Amino acid sequence: MKTKLTELLGIEHPVIQGGMQWVGKAELASAVSEAGGLGILTALTQPSPGDLVKEIRRMRAMTRKPFGVNLTLLPTLKPVPYGDYVDVMISEKIKIVETAGRSPEEFMPRLLEAGIKVIHKCTSVRHALKAQKIGCAAASVDGFECAGHPGEDDIPGLVLLPLAVDALSIPVIASGGFGDGRGLAAALCLGAEGINMGTRFLATREAPIHENVKKALVDADERQSALILRTLKNTARIYKNSVAKDILAMESRGNITIEELSPLVSGARGRTVYENGDIEAGVWSAGMVAGLIRDIPSVRDLITRIVKDAETIIKGRLHTMIS
Ligand code: NAD
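Let us look at the structure shown here. (Residues numbered from 1 in each chain as written. Predicted model: local features only at pLDDT ≥ 70, side-chain atom pairs only at ≥ 80, totals over all residues. Heavy atoms only, no water.)

### A closer look at the site of the ligand
Operational definition: To be near a molecule or strand, a residue needs just one of its heavy atoms within 4 Å of it. Think of a polar contact as two N or O atoms within 3.5 Å of one another; within protein, one of them needs to be a possible hydrogen donor and the other a possible acceptor, and neighboring residues in sequence only count if both atoms come from side chains. Here the accessible surface of atoms and residues is derived via Shrake-Rupley with a 1.4 Å probe, and residues count as covered only by protein chains that are part of the display. The nonpolar class holds Ala, Val, Leu, Ile, Met, Phe, Trp, Tyr, Cys and Pro. Asp, Glu, Lys and Arg form the charged class, and all remaining residues, Gly among them, are polar. Segmentation into domains, and thus their bounds, comes from an automatic or database assignment.
Close to the ligand lie 17 residues, the nearest being Pro 75, Leu 77, His 149, Asn 234 and Gly 267. Between an oxygen atom of the ligand and a side-chain N or O atom of Asn 234, the distance comes to 2.9 Å. Here an oxygen atom of the ligand sits 2.8 Å away from a polar atom, N or O, in the main chain of Gly 267. Contact with the protein chains removes 81% of the 770 Å² of surface that the ligand exposes when unbound. Considered class by class, the residues forming the shell around the ligand number 8 nonpolar, 9 polar and no charged. Composition of the shell around the ligand by domain shows at least three residues from each of domain 1 (4–209 + 296–320) and domain 2 (225–285).

### A few points about unusual backbone geometry
Note: most residues except glycine have negative phi, and most peptide bonds are trans. This is how the line gets drawn: Per the convention used, a helix needs a DSSP run of H or I reaching at least four residues, while a strand needs a run of E reaching at least two, with both numbered from the N terminus. Exposed residues in this analysis have more than 50% of their type's maximum accessible area, buried residues have under 20%, and partly exposed residues fall in between, with area computed by a 1.4 Å probe over protein chains only.
One non-glycine residue, Leu 229, lies in positive phi territory at about 60°. Assignment of secondary structure puts Leu 229 in the loop between strand E9 (225–228) and strand E10 (236–239). Of note, Lys 233 is a non-glycine position whose phi angle comes to about 55°, a positive value. Along the chain, Lys 233 falls in the loop between E9 and E10. Residue classification places Lys 233 among the exposed residues on the basis of a relative accessible area of 68%.

### Notes on the nonpolar core
We count it as follows: Working definition of a nonpolar core: buried Ala, Val, Leu, Ile, Met, Phe, Trp, Tyr and Cys residues. They are joined through side-chain atoms within 4.5 Å. Throughout, a residue-residue contact means that at least one pair of heavy atoms, one from each residue, lies within 4.5 Å.
Counting 53 residues, the largest nonpolar core has Ile 195, Phe 201 and Trp 284 as the members making the most contacts within it. Among the elements that line this core, the one with the most residues is helix H14 (residues 299–320), at 7 residues. Formed jointly, this core draws a minimum of three residues from each of two domains, domain 1 (4–209 + 296–320) and domain 2 (225–285). Once you skip the residues sitting within four places of it in the chain, Trp 284 turns out to touch Leu 202, Val 213, Ala 216, Leu 217, Ile 238, Tyr 239, Asn 241, Val 273, Tyr 274 and Ile 279. Among the nonpolar cores identified, the runner-up in size contains 28 residues, and Leu 41, Tyr 82, Tyr 85 and Ile 116 belong to it.

### Overview of the packing of aromatic side chains
To keep it simple, the criterion reads: Two rings belonging to Phe, Tyr or Trp (six-membered ring only in the last case) form a pair when the distance between their centres is within 6.5 Å. Interplanar angles under 30 degrees mark stacking, angles over 60 mark edge-to-face geometry, and anything in between is tilted. Criterion for a charge above a ring: Arg CZ or Lys NZ at most 6 Å from the ring centre, at most 35 degrees from the ring normal.
On inspection of all chains with the given rule, the structure shows 2 aromatic pairs. Plain terms: the ring middles of Tyr 239 and Trp 284 are 4.3 Å apart, the flat faces sit at 15° to each other, and that makes the pair stacked. In this pair, Tyr 239 is assigned in strand E10 and Trp 284 in the loop between helix H13 (267–276) and H14, connecting sequence segments 45 residues apart. Accessibility assignment for this pair places Tyr 239 and Trp 284 in one class, buried. Judged by centre distance (6.4 Å) and plane angle (75°), the rings of Tyr 274 and Trp 284 are edge-to-face. One end of the pair, Tyr 274, is in helix H13; the other, Trp 284, is in the loop between H13 and H14, and 10 residues separate them in sequence. The pair formed by Tyr 274 and Trp 284 is uniform in burial state, with each residue classed as buried. A connected cluster of aromatic rings, assembled from ring pairs, spans Tyr 239, Tyr 274 and Trp 284. For Arg 271, the ring lying beneath its charged end belongs to Trp 22, and the centroid distance is 5.2 Å.

### Remarks on the state of the cysteines
The line we're drawing: In what follows, a disulfide is any cysteine sulfur pair within 2.5 Å.
The tally for this structure, following the rule as stated, stands at 0 disulfides. Lacking any disulfide linkage, Cys 136 is separated from the closest cysteine sulfur, that of Cys 122, by 8.3 Å. Cys 136 gets classed as buried once you look at its relative accessible area, which sits at 3%.

### Thoughts on the sheet that holds strand E8 (residues 194–197)
To keep it simple, the criterion reads: For two strands to be treated as a pair, DSSP must find at least two bridges joining them. Axis lines are fitted through C-alpha atoms, for helices just across the contact stretch, and the angle between N-to-C directions can take any value from 0 to 180 degrees.
With parallel pairing, 8 strands are arranged side by side in an open sheet as E1-E8-E7-E6-E5-E4-E3-E2. A strand with exactly one partner marks an edge of an open sheet, and here the two such strands are strand E1 (15–17) and strand E2 (39–42). In this sheet, adjacent strand axes meet at a mean angle of 25° when their direction is disregarded. Taken together, the 4 bridges between E2 and strand E3 (residues 67–72) define a ladder with parallel strand orientation. Bridging across to E3, Gly 39 finds its partner in Phe 67. Where helix H2 (residues 26–34) meets the sheet, its contacts fall on E1, E2 and E3, and the angle it forms with E2 comes to roughly 160°.

Shown next, in the form of structure tokens:
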């Protein structure tokens, strides 16, 4: 497939593995890039900017194909030296950066001066328009189905994506709820130039996480996610486990603070789920697309299947419907 996105990024298939906290490491990202998609390292998964340097170099030893680095700008329990992570991206000559969470405006002059293509992941048309205005090369538009932070508007992709395509002149990447060839074909029909996936890439052989998490996604249905932190206007969609239910019970009592919730929502605690495989040990991100995940293929098999199935739908089913 050739789309504005494959042209912009110099990739073979219009499939991106977006930033995934604790998971977006070189093992997964290099497998995606090697399979012809765009793999993305997640900067904040590295404990310090110095560790990000090492991870970028590890990545370069594993692939020579294009890849990106994600920088998520959201409230955190501990302060994050975002500027220092940006310094690393520039000094390591990264070519593609995915930002998310809030506007990357303060970092744009330096990123653009370094010739970096910025993809901003956002959850509304107004935020995508702002991204275009400040010089982003593409907008990854995240529908309400997505894992992680879907924003507060609750507009699913079927409405949000065509609205974004109508409003923007830069390429739109469809994100949230994508996991198979039908999704890719649908995204292209809606006017997007490719898809971004997170949850679907969790259930792959190369994802550097415990097998229990992958199996939990295969077992999950589409109702197995929960929206936490809504009362703090920082909504996050996560796998619905006992910790998620405890958080929701606390939030339903009203007037809850992040300090009271932090022992439960802490990302450091959630990280142990991926390491030890106890899916009840903390919070971990998963989207509604879990309902569509039925196997744990290699990244290459997954991407090949998605592209082939989308091509079959476009050339076959859609084409033959025209009388
Ligand atoms: P963390 O442990 O610092 O925080 C845990 C959760 O609490 C996060 O969702 C965070 O946004 C939220 N939070 C922290 N302080 C808050 C406050 N003052 N008000 C409201 N909410 C608050 O985060 P982490 O797990 O170490 O993750 C680091 C960063 O990556 C965070 O910005 C997090 O939101 C982000 N993240 C993104 C995704 C994604 O899918 N894009 C997934 C997981 C985490």
